[in-house]
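# Understanding the architecture of this molecule
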Number of protein chains: 2
Amino acid sequence: MKYIEKFIQEHIDNNIDFKNNPLSIQIFTKSFRKGKVITEFGQIEKRGYYLIEGTVLCIIDDDGEDKVIDIILPDSFFSAYNSYLLDAPSDIKVLASTDCKVEYFEKENLKKGFETSLTLNKLGRYLKEKFFLDKLEKEKTFLTKTSEEIYLEILNTKPEIVKHIPVKRIAQYLGIHPESLSRIRKKLT
Amino acid sequence: MKYIEKFIQEHIDNNIDFKNNPLSIQIFTKSFRKGKVITEFGQIEKRGYYLIEGTVLCIIDDDGEDKVIDIILPDSFFSAYNSYLLDAPSDIKVLASTDCKVEYFEKENLKKGFETSLTLNKLGRYLKEKFFLDKLEKEKTFLTKTSEEIYLEILNTKPEIVKHIPVKRIAQYLGIHPESLSRIRKKLT
């Protein structure tokens, strides 16, 4: 059974029997080595990914400097979303921050699947809603909490981020200098 | 013709003839006086709104202090989104910042409409995508620009915000002290 099918059973409809009703899109499995760029700036994103193992970063360019806009942990979907949705050159770079294992599908294939599969339509709706709500949550967090509070929250709720992602990248996610994050980390130990 | 129908014609499908195929939900029109709370903290949001005239603010509470998470201008949909989507008590307060005129629909009514109306399904998908992309754009802006740059961008692209919304509220949107915004404004004049 594919991981994406398992995700659908867990989050969308646990009565689906994929053995007798296989998902009407092709799902591929792939591995990326640490440091591999999955989607480059300027590329048009044509794939949706599901992370099985590893960590992935979505990065934007701020005058030659990286800023991390998303940290992806296993069991989530990711993509250079806006390029995927708008068919425009990506201003998001998607990077394997560790060795990664993913499943992915082709956008064109999914679009065809939408025409006939209720399950895929439900998945599409679920993901759009989830992406929006996640962004809203993050926005609220960044508007109301200090960098130190956000770091502490990450440490408590997603310690694997602190374990697997370089300090420099976490600082780029918090929007602060690595030195400021080092000070915060020292203070907290 | 309803404004929401006009929006659908402009953004989703300009071949729809609403005269012969009326939208299968009820749309109401309503006015709010300046300062009126449209959705209160803790309330469960049951309506989706379309702003015809005026400006609306979406506010979150940061330990008793308001932070502005969204500034809504005419010709956009708004709501206490997460409460609407999750059926949970709202942590967003929706406020008429000026006298406002809106159209709105009831969520329950829209959900019924989804069962039969392709147009409403398209609208639902369009809006979820738009809300997500807007949030992503805002996130990128706040991660890469200074408050002064963001204020300047607002001044150039959406001058009506500066015209109609109190400085205090714009500062709450930028996440800075009103005094810092005053300094920025002085510097720019």
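About the criteria used
Residues numbered from 1 in each chain as written. Chains lettered and ligands numbered in written order. Predicted model: local features only at pLDDT ≥ 70, side-chain atom pairs only at ≥ 80, totals over all residues. Heavy atoms only, no water. Core = buried A, V, L, I, M, F, W, Y, C linked by side-chain atoms within 4.5 Å. Buried < 20%, exposed > 50% of the residue type's maximum accessible area, 1.4 Å probe, protein only. Contact = heavy atoms within 4.5 Å. Helix = DSSP H or I, 4+ residues; strand = E, 2+ residues; numbered from the N terminus. Pairing = 2+ DSSP bridges. Axes fitted to C-alpha atoms, helices over the stretch in contact; angles between N-to-C directions. Least-squares fit on C-alpha atoms with pLDDT ≥ 70 in both. Left-handed = near helix turned anticlockwise from the far one by under 90°. Nonpolar A, V, L, I, M, F, W, Y, C, P; charged D, E, K, R; others polar. 1 Å grid on protein atoms, 1.4 Å probe; cavity = no way out; pocket = protein on both sides within 12 Å on 5 of 7 lines; lining within 4 Å. Points joined across faces, edges and corners; volume = space filled by probe spheres on them. Patch = residues over 30% accessible without salt bridge, like charges linked within 9 Å, V, L, I, M, F, W, Y side chains within 5 Å. Areas by Shrake-Rupley, 256 points an atom, 1.4 Å probe, with all protein chains shown as cover. Salt bridge = Lys/Arg side-chain N within 4 Å of Asp/Glu carboxyl O. Lys, Arg positive; Asp, Glu negative; His and termini not counted. Charge placed at Lys NZ, Arg CZ, Asp CG, Glu CD.

## Some points on the nonpolar core
F77(A), F78(A), F77(B) and F78(B) are the most contacted members of the largest nonpolar core, which totals 80 residues. Those residues in contact with F77(B) that sit more than four places away from it in its chain are I4(B), F7(B), Y49(B), Y50(B), F105(B), L123(B), L127(B) and F131(B). The next biggest cluster of nonpolar side chains, apart from the first, holds 18 residues, and it includes I71(B), L95(B), I154(B) and I165(B).

## Side note on unusual backbone geometry
Residues apart from glycine generally show negative phi values, whereas peptide bonds are mostly found in trans. All names here are of chain B. Phi angles above zero are rare outside glycine, and D63 is one such case at about 50 degrees. In this structure, D63 sits in the loop between strand 4 (56-62) and strand 5 (65-72). Assessed through its relative accessible area of 78%, D63 is described here as exposed. Positive phi outside glycine occurs at D87, with the angle close to 60 degrees. Judged by relative accessible area, D87 falls into the partly exposed class, the value being 44%.

## Some details on the sheet that holds strand 7 (residues 92-96) of chain A
All names here are of chain A. Strand order across the open sheet formed by 4 strands is 2-7-4-5, with antiparallel pairing between neighbours. The strands lining the two open edges of the sheet, one partner per strand, are strand 2 (37-39) and strand 5 (65-72). On average, each strand axis in the sheet is inclined to that of its neighbour by 35 degrees, with strand direction left out of account. When strand 4 (residues 56-62) meets strand 5, the two strands line up antiparallel, connected through 7 bridges. In the strand pairing of strand 5, D61 is matched with D66.

## Focus on the relation of the copies chain A and chain B
Rotating chain A by 180 degrees and moving it 0.0 Å along the rotation axis overlays it on chain B with an RMSD of 0.0 Å. Here the transformation between the copies is reduced to the relation of a two-fold axis. Rotation axis and chain A: the residue whose C-alpha lies nearest the axis is F132(A), separated from it by 2.3 Å. A shared interface surface links the copies, since 100% of the contact residues of chain A are contact residues in chain B too.

## Topic: the sheet that holds strand 2 (residues 37-39) of chain B
All names here are of chain B. An order of 2-7-4-5 is seen for the 4 strands of this open sheet, with the pairing classed as antiparallel. At either end of the open sheet lies a strand with only one pairing partner, and these are strand 2 and strand 5. Going from strand to strand, the sheet's axes swing by 35 degrees on average, the running direction of each strand aside. Seen against the sheet, helix 7 (residues 167-174) touches strand 4, strand 5 and strand 7 (92-96) and runs at an angle of roughly 90 degrees to strand 5.

## Side note on the packing of helix 4 (residues 118-144) of chain A against helix 4 (residues 118-144) of chain B
Relative to each other, helix 4 of chain A and helix 4 of chain B sit at 30 degrees, their axes nearing to 9 Å. Considering the relative orientation of helix 4 of chain A and helix 4 of chain B, their crossing is left-handed. The residues of helix 4 of chain B that touch helix 4 of chain A, namely those facing N121(A), R125(A), K128(A), E129(A), F131(A), F132(A), K135(A), L136(A), K138(A) and E139(A), are N121(B), R125(B), K128(B), E129(B), F131(B), F132(B), K135(B), L136(B), K138(B) and E139(B). Of the residues assigned to the contact of helix 4 of chain A with helix 4 of chain B, the class counts are 6 nonpolar, 2 polar and 12 charged.

## Looking at the layout of surface pockets
What the largest pocket holds in volume is close to 1,000 Å³. Along the walls of the largest pocket sit 36 residues, with L85(A), F114(A), K128(A), R125(B) and E129(B) positioned nearest its centre. When contributions to the lining of the largest pocket are tallied by element, the ones reaching two or more residues are strand 3 (47-53), strand 6 (77-78), helix 2 (81-86), helix 3 (107-116) and helix 4 of chain A together with helix 3 (107-116) and helix 4 of chain B. The element contributing the most residues to the lining of the largest pocket is helix 4 of chain A, with 10 residues.

## A short note on a nonpolar patch on the surface
All names here are of chain A. Together, L152, L155 and L188 line one region of the surface with nonpolar side chains, adding up to about 200 Å² of accessible area. Tracing the backbone through its elements, the reader meets L188 in helix 8 (residues 178-188). For L188, a relative accessible area of 31% puts it in the partly exposed group.

## Let's talk about a negative patch on the surface
A grouping of D61(A), D63(A), E65(A) and E149(B) is seen on the molecular surface, where their side chains present a negatively charged patch. Positionally, E149(B) belongs in helix 5 (residues 147-157). Looking at E149(B), the relative accessible area reads 40%, which means it is partly exposed.

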